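Chains, contacts and geometry: an overview
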Amino acid sequence: MLPAFKLLEPNTIEEACRIALDTDGMFLAGATDIFVAMHGGALFPETLISLAKIDALRDIRKTDQGIFIGALTPHRYFEFNQVMKTRYTAIHEGCAQVGSPQIRNRGTIGGNLCNGAPSADSAGPLLVFDAVCVIVGAAYERTLPLREFYLGPKKTALRKGELLKSIYLPEPVSRSASRYIKFTRRNAMDLALLGVSAYLALDDSGGIADARLALTTAGPTPIRAGEAERRLIGHKPCDSLFSEAAAIAENESLPRTSWRSSKEFRLKLVKSLTEKALREAFERI
Amino acid sequence: MDYIVKTRPAKIDPLFPEINIDPGDVFDFPDDSVELPAIIGKSLPRKDGQEKVTGRTKFGADHNIPGQLYAAVLHSTEAHAVIRKIDTSEAKKIKGVRAVLTGEDCKVRFGHMLVDQPVLAQEKVRYWGEPVAAVAADTLHLAKLAVRKIKVDYEPLPVVETVEDALRADTLVHENWSDYQLLGGCAPVPGTNIVDEFVLVHGDVEKGFREADVVVENELFCSMIQHAPLETHAAIAIADHDNCHIISPAQSPFMIRKIIANAFGYRLDRVRVTCTDIGGAFGCKVEARLEPLCVALARRTKRPVKLVFERHEEFAAALARAGVKFRIKTGATKEGKLTAQQIYIYWDTGAYATFGPRVNYNAGFASNGPYYIPNSFVDGFCLVSNKSLGTAYRGFGITEVAFAHETQMDALANKLGIDPLEFRLKNALRNGQESVAGEVMQDVGISECLEKAAEAVGWYDGPLQWRTAEGKLRGKGIACFIKLTGTPSTTSVMLRMNEDGTVTLLSGSREMGQGVETVLPQLASSVLGIDVERIIMSPVDTAFTPYDKTTTSSRSTFHGGLAVMDAARDMVRQLKALMARHWDCPVEEITYDKGVIRCLFDPEASVDINTSFFTRYLKEEPPIIAVGRYGTKDIFSPPDPDTHQSDRPTIMWMMGAQAAEVEVDPDTGRTKIIRIGAAHDVGRAINPDNCRQQIQGAVLMGVGNALLEEMIYVNGVLVNANMVDYKIPTSMDADFETMVDLVECPHNTGPYGVKGIGEPGMAPTAPAIANAISRACGHQFKSIPVKAEHVLFRE
Ligand SMILES: Cc1cc2nc3c(=O)[nH]c(=O)nc-3n(C[C@H](O)[C@H](O)[C@H](O)COP(=O)(O)OP(=O)(O)OC[C@H]3O[C@@H](n4cnc5c(N)ncnc54)[C@H](O)[C@@H]3O)c2cc1C
């Protein structure tokens, strides 16, 4: 049962931030993380600050350099939007695999990131698109690359009184493609036991101009596999190169053994799924 | 209109000696040339279907009683610990809290075989999640709040977590079995963690192994899993010291009635159990769960008390299917004839006995599979541990034992280089052969099931193991099972004709997804000739529903069906007598055919009971009300306690086979089911679509069992006690083809030849899938679920 709580519904970002500063209230977006924790007896917030009435958090704005996507945008948007499908394919693939249609309708991209779970399906794909977080406080706005957003398990760079306003996605270059592979034990309603996101861009001669790899649930936070990326850049794409890069990614990941799975199992998955994600991203270009 | 084909000599029913069973009452359909009533074999839609899918059905939690209090439970955070102190003072201070109970305030224990389970933990807790305190308050919020204010001081004890721990008996879960009232059905061994032992001895296994050319031995394991019904447990109780009324989605209300009466000292008839619709049970609602807690709180507060488990509580403190370990050894000749099988079975039944010993018993009888094996030895131990309570779970241990014997069959077939299907067919039981229980078998349809299941996945169309163009590993596997139904047992029903000629059927058989509310009216209609639309089942309430032992063991269509037909024939007699009076002719001259009553010698005298015209004859007449009974005590031959040999240990054996084709990804270890072929001997399909649905649903449940489900304990704590981490298959995991074949090898006593199909659909699924994965990978897996890491790290 949901424990009792006070619900506040501010109309503006400033108001929301001020309440957060003055109380111990938690922001409430789609509630698909919060309510589950509250139902299960793991969380008893006294005050919830609903963001639902703040239209500014739903804005989606295209610029010449990229897109700003409001934090309240639900996963369903990324699942069906054509630009996401074609240009930001990995993000589309990540969001389209969240939970179930019901969860994707309610759950938001902001909630997915701010919840801080290492398994968040949008996190890895957003990382390989070099997403930037637009964070606002009561009287200021700051930007922070998503790479710096995660501080630890369930810990983000948001300070008290700050909320995530939107995500900025730079426009990907023309000869590029991406792929997200999520490993789960069942076909739906499951969290990633491992997620691999790959982005590749080619130069005119067909060599790898840019490579980005992100791993989810391979450590306490979603991470980029920088060493593996560097091994790829400047080389001709081929299976053996992908295999080498995957082996490096395996070294870069930091999974722990838990009852959910052993470290060795996750490492094996990192290797085989990184290889596969790179190959399939490349095939898409 | 009696569908009698073969008659047997009249018999006196020992349970009801005053009732003479008419020889015509025994149904027997040895061949298919007999014409069946049109309603038999007709796929009517489920009577409860529309209400359920449109959300109108009221389940346990949907019911409320004016003036009720709301209960909440404090669950143990320790697996095994002495309770040093419970501080309830803060909880009691909350305004609106009407009662806070601990084991100190309520010394009641309950149980079905052994009265070992405290309503609230007494002195020590025996599993993580065990109820330690209970609160009743004006609102649910207050009750939950009060629970959070209760402080418990525990002194941890060593945890008995595995069957090895239990067998070692360094730590006893129960110090003194003799402290508990023993009701029967089990024999706890003093100074051990053994609640019961089951031994079956047939022939001489040592001799059998000497005759074998090959012998395989394996240690196998099945995880503890949960029923995970959509509807969690719920109950309301209205009780004082003389009377007790319970409202709950009980699976076996008469058992709950008995358990509650015995625990709280009520006279049996003073306990009333009113059943709500059931939102899934699979065995977990056969136990008294929330009922005793509600009764204790209701007696204390003198108010109705309602308690509903939340999902995390359902995981922590409801029920489970015991984990089990097997040590199994099987021998065969070069030609592939089984010579002997020896099986040691260790059930990890959790903290209290519940129905665990019954699982051990039923599974013990079935543990050799549907095979002719001249020498067998089974030693089954039902062991307690500091874990969730293992009880009935769709089949009473049948999937688990099938996993054991079917792993052996594949191992032997592989060793001998014989096709696994051929190997099974060579050894499949045939009519007239003696089973391992010493019974001469009849109506055995297992060979046909094996052949049909195999055919459905194209067994002979190609190799059983191959690699796809994409590099995936494919494999096919097959498995079969045998299962008894609980015997002896009894049931009774009532048919009431209403003033408008419709019929109300009163039966304790609970609709829990198996379709009994549709099938029993079909059987009544088959005798009465009344349109099945005009026959409905009444809600179940022990205050007015005739006695039925239990809705378990796939017994309801068989037992309930025979009782319904008995009642229907009685109703026909009454209708004939009614019309004889009206037409003023001797009752011998009245005929009854498909609901049309006629007088032989008066062409004018004819009436169809399905018409409104007929109702005029009912006016001011003694009501038409019929009773039907069925019991199996007379056919039951009590097994020898030391060897479990018996001429007739059960009224009905169920058998079936399934074959699976799977695809394994060698890079991730993940298994995808491609198709399942299922062939079950249903004896007679009264409602074929319903039979298919039973099997299809069960197969998906079996997939969970094969690939996903396990209750994971770390130091006695169930760590995956939620729906994300405890993985049941979703509809997206039903992305494979299931082909169902209904084999009809009629039972010589069941209604029109019926056998049970509620549980069996699940029995061979996991074993067939496990065998298919083993074949795909060229490695025999020794536990279920078979997870991706098992595949990746196979030796
Ligand atoms: C059945 C089920 C299945 C699921 N499956 C998946 C899955 O497959 N993959 C996956 O990644 N997740 C899954 N989830 C988790 C969840 O749905 C997602 O993380 C979702 O995106 C959370 O968004 P929300 O809007 O519901 O967040 P909420 O629950 O409303 O909030 C989550 C957290 O973020 C904070 N927050 C929300 N918005 C903001 C903001 N703008 N600024 C600052 N803080 C904010 C909240 O305070 C809270 O701490 C599943 C959940 C359920 C219940």
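Residues numbered from 1 in each chain as written. Chains lettered and ligands numbered in written order. Predicted model: local features only at pLDDT ≥ 70, side-chain atom pairs only at ≥ 80, totals over all residues. Heavy atoms only, no water.

1. Focus on the overall build of chain B
A tally of regular secondary structure across chain B gives 17 helices and 38 strands. Compactness check: chain B gives a C-alpha radius of gyration of 27 Å against a globular reference of 28 Å for 795 residues, within 12% of the reference. Dimensions of chain B along its principal axes, counting C-alpha atoms only, are 85 × 75 × 50 Å. Sorting the 795 residues of chain B into buried and exposed places 65% on the buried side. Pairs at least 24 apart in sequence give 80% of the contacts found in chain B among residues at least 6 apart. Per element, the accessible surface of chain B, about 28100 Å² overall, is 51% carbon and sulfur. If the 85 positive side-chain charges of chain B are averaged to one point and the 103 negative ones to another, these points end up 4 Å apart. (Helix = DSSP H or I, 4+ residues; strand = E, 2+ residues; numbered from the N terminus. Rg over C-alpha atoms; globule rule 2.2 N^0.38 Å. Buried < 20%, exposed > 50% of the residue type's maximum accessible area, 1.4 Å probe, protein only. Contact = heavy atoms within 4.5 Å. Areas by Shrake-Rupley, 256 points an atom, 1.4 Å probe, with all protein chains shown as cover. Lys, Arg positive; Asp, Glu negative; His and termini not counted. Charge placed at Lys NZ, Arg CZ, Asp CG, Glu CD.)

2. Concerning the overall build of chain A
If you tally the helices and strands in chain A, you get 11 helices and 14 strands. Scaling as 2.2 N^0.38, a compact globule of 285 residues should have a C-alpha radius of gyration of about 19 Å, and chain A matches this with 19 Å. Overall, chain A is about 55 × 45 × 30 Å in size when its C-alpha atoms are taken along their principal axes. Buried positions account for 54% of the 285 residues belonging to chain A. A fraction of 62% describes how many contacts in chain A between residues 6 or more apart in sequence connect residues 24 or more apart. Carbon and sulfur atoms make up 52% of the accessible area of chain A, which totals about 12100 Å².

3. Some details on the domain arrangement of chain A
Residue and element names in this part refer to chain A. By the assigned domains, chain A splits into domain 1 (6-50), domain 2 (56-170) and domain 3 (176-284). A separation of 19 Å is found between the C-alpha centroids of domain 1 and domain 2. Listed by partner, the interface residues are 14 residues for domain 1 and 17 residues for domain 2. There are 1 salt bridge connecting domain 1 and domain 2. Between Lys 160 and Asp 24 there is a salt bridge, with the nearest N and O atoms lying 3.7 Å from each other. (Domains from an automatic or database assignment. Salt bridge = Lys/Arg side-chain N within 4 Å of Asp/Glu carboxyl O.)

4. Describing the site of the ligand
Residues and elements named next belong to chain A. Taken together, 34 residues sit near the ligand, with Phe 27, Gly 30, Thr 32, Thr 108 and Asp 121 positioned nearest. The contact in question runs from an oxygen atom of the ligand to an N or O atom on the backbone of Ile 34, over 2.9 Å. Contact distances for the ligand include 2.7 Å between an oxygen atom and a side-chain N or O atom of His 75. In the complex, the protein chains occlude 91% of the 980 Å² of accessible area that the ligand would expose alone. Counting residues per element, the ones that place at least two in the shell around the ligand are strand E2 (26-28), helix H2 (34-39), helix H7 (109-114) and strand E10 (163-170). For the shell around the ligand, the leading source of residues is H7, giving 4 residues. (Near = heavy atom within 4 Å. Polar contact = N/O pair within 3.5 Å; in protein donor to acceptor, adjacent residues only side chain to side chain.)

5. Quick notes on the pattern of salt bridges
Summed over the entire model, instances satisfying the criterion amount to 64 salt bridges over all chains. Glu 663 of chain B serves as the salt-bridge partner of Arg 474 of chain B, at 2.7 Å between the closest nitrogen and oxygen. Within this pair, whereas Arg 474 of chain B is found in strand E25 (residues 473-484), its partner Glu 663 of chain B is found in strand E33 (residues 653-664), the two being separated by 189 residues in sequence. In this structure Arg 474 of chain B comes out as buried when scored by relative accessible area, which is 18%. The class of Glu 663 of chain B is buried, set by a relative accessible area of 13%. Through salt bridges with shared partners, a single network forms among Glu 93, Arg 179, Lys 276, Glu 280 and Arg 284 of chain A.

6. Section: the interface of chain A and chain B
Facing 25 residues of chain A, the contacting portion of chain B comprises 29 residues. Taken together, both faces of the contact between chain A and chain B bury some 2300 Å²; the carbon and sulfur share is 60%. The three residues of chain A that bury the most area against chain B are Met 1, Arg 186 and Trp 259 of chain A, which together make up 32% of that side's buried surface. Our count for the chain A to chain B interface comes out at 3 salt bridges. (Buried area = accessible area lost by both parts, 1.4 Å probe.)

7. Quick notes on the packing of helix H15 (residues 688-708) of chain B against helix H16 (residues 765-777) of chain B
Residues and elements named next belong to chain B. Interaxial distance between H15 and H16 falls to 8 Å at its minimum, and their mutual angle equals 50°. When the axes of H15 and H16 are compared, the pair comes out oblique. Pair H15 / H16 crosses with right-handed handedness. Residues Ala 698, Val 699, Gly 702, Val 703, Asn 705, Ala 706 and Leu 707 of H15 lie in contact with H16, whose contacting residues are Thr 765, Ala 766, Ile 769 and Ile 773. Residues of the contact of H15 with H16, tallied by class, amount to 8 nonpolar, 3 polar and no charged. (Axes fitted to C-alpha atoms, helices over the stretch in contact; angles between N-to-C directions. Parallel < 35°, antiparallel > 145°, perpendicular 65-115°, else oblique. Left-handed = near helix turned anticlockwise from the far one by under 90°. Nonpolar A, V, L, I, M, F, W, Y, C, P; charged D, E, K, R; others polar.)

8. Observations regarding the side chain of Asn 386 of chain B
Residue and element names in this part refer to chain B. Here Asn 386 lies in the loop between strand E22 (375-383) and strand E23 (389-390). With a relative accessible area of 0%, Asn 386 lands in the buried category. Here the side chain of Asn 386 touches His 80 through a polar contact of 3.2 Å, side chain to side chain. Here the side chain of Asn 386 touches Arg 126 through a polar contact of 2.8 Å, landing on its backbone oxygen. In contact with Asn 386, not counting residues within four places along its chain, are Ala 79, His 80, Arg 126, Tyr 127, Pro 158, Val 159, Val 160, Val 173 and Gly 716.

9. Some remarks on the side chain of His 75 of chain B
All names here are of chain B. Positionally, His 75 belongs in strand E3 (residues 69-75). Only 2.7 Å separates the side chain of His 75 from the backbone oxygen of Gly 129, close enough to count as a polar contact. Polar side-chain contacts of His 75 include one of 2.7 Å to the side chain of Glu 313. Ignoring any residue separated from it by four or fewer positions in sequence, one finds His 75 in contact with Gly 129, Glu 130, Pro 131, Val 132, Tyr 154, Phe 309, Glu 313 and Ala 317.

10. Let's talk about the sheet that holds strand E14 (residues 214-222) of chain B
All names here are of chain B. What the 6 strands build is an open sheet, ordered E13-E22-E21-E20-E14-E38; its pairing is mixed. Edge positions in the sheet fall to strand E13 (194-202) and strand E38 (783-784), since each has one partner strand and no second. Sheet topology note: the E13/E22 ladder contains 8 bridges and is antiparallel. Its bridge partner lying in E22, Val 199 is registered against Asp 379. Helix H9 (residues 356-366) rests against E13, strand E21 (338-348) and E22 of the sheet, and its axis sits at about 15° to E13. (Pairing = 2+ DSSP bridges.)

11. Notes on helix H13 (residues 516-528) of chain B
Residue and element names in this part refer to chain B. If you check H13, its first and last C-alpha atoms are 18 Å apart, about what 13 residues at 1.5 Å a residue would give, namely 18 Å. In terms of burial, H13 is a largely internal element, 12 of the 13 residues being buried. For H13, every residue scored as buried is listed here: Val 516, Thr 518, Val 519, Leu 520, Pro 521, Gln 522, Leu 523, Ala 524, Ser 525, Ser 526, Val 527 and Leu 528. In the core, the buried residues of H13 are packed alongside strand E26 (490-497), strand E27 (503-507), strand E28 (535-537), helix H14 (556-583), strand E29 (590-593) and H15. (Expected span 1.5 Å × (residues − 1).)

12. Details of helix H3 (residues 140-149) of chain B
All names here are of chain B. For H3, every residue scored as buried is listed here: Ala 143, Lys 144, Ala 146 and Val 147. Down the axis of H3, the sector holding all buried residues measures 160°, keeping them to one side. Taken together, the buried residues of H3 touch E3, helix H2 (89-93), strand E5 (97-102), strand E10 (131-137) and helix H8 (311-317). (Arc of directions from axis to C-beta.)

13. Points about the sheet that holds strand E4 (residues 81-87) of chain B
Residues and elements named next belong to chain B. Taken in spatial order, the 3 strands line up as E9-E4-E11 in an open sheet, and their pairing is antiparallel. Across the chains shown, the open sheet's two edge strands, defined by having one partner strand only, are strand E9 (124-125) and strand E11 (151-156). Across 6 bridges, the pairing between E4 and E11 is antiparallel. Paired with Lys 85 across the strands is Asp 153, a residue of E11.

14. Considering the packing of aromatic side chains
Two measures describe an aromatic ring pair: the distance that separates the ring centres and the angle between the ring planes. Evaluation of the coordinates by the stated rule reveals 22 aromatic pairs over all chains. Centre to centre, the rings of Phe 613 of chain B and Tyr 617 of chain B are 6.1 Å apart; their planes meet at 80°, and the pair counts as edge-to-face. An aromatic cluster is present here, built from Tyr 88, Phe 129 and Tyr 199 of chain A joined pairwise through their rings. Over the aromatic face of Tyr 199 of chain A sits the side chain of Arg 212 of chain A, whose NZ or CZ is 4.2 Å from the ring centroid. The ring of Phe 44 of chain A has Arg 148 of chain B lying over it, and the distance from NZ or CZ to the ring centre is 3.9 Å. (Phe/Tyr/Trp six-rings, centres within 6.5 Å; stacked < 30°, edge-to-face > 60°. Lys NZ or Arg CZ within 6 Å of the ring centre and 35° of its normal.)

15. Some details on the state of the cysteines
Residue and element names in this part refer to chain B. Under the criterion given, the structure shown has 0 disulfides over all chains. Cysteine Cys 480 is unpaired, with the sulfur of Cys 449 as its nearest cysteine sulfur at 8.9 Å. A disulfide-free cysteine, Cys 745 has its sulfur positioned 8.4 Å from the sulfur of Cys 449, the nearest such atom. When its relative accessible area of 17% is taken as the criterion, Cys 745 is described as buried. (Disulfide = S-S within 2.5 Å.)

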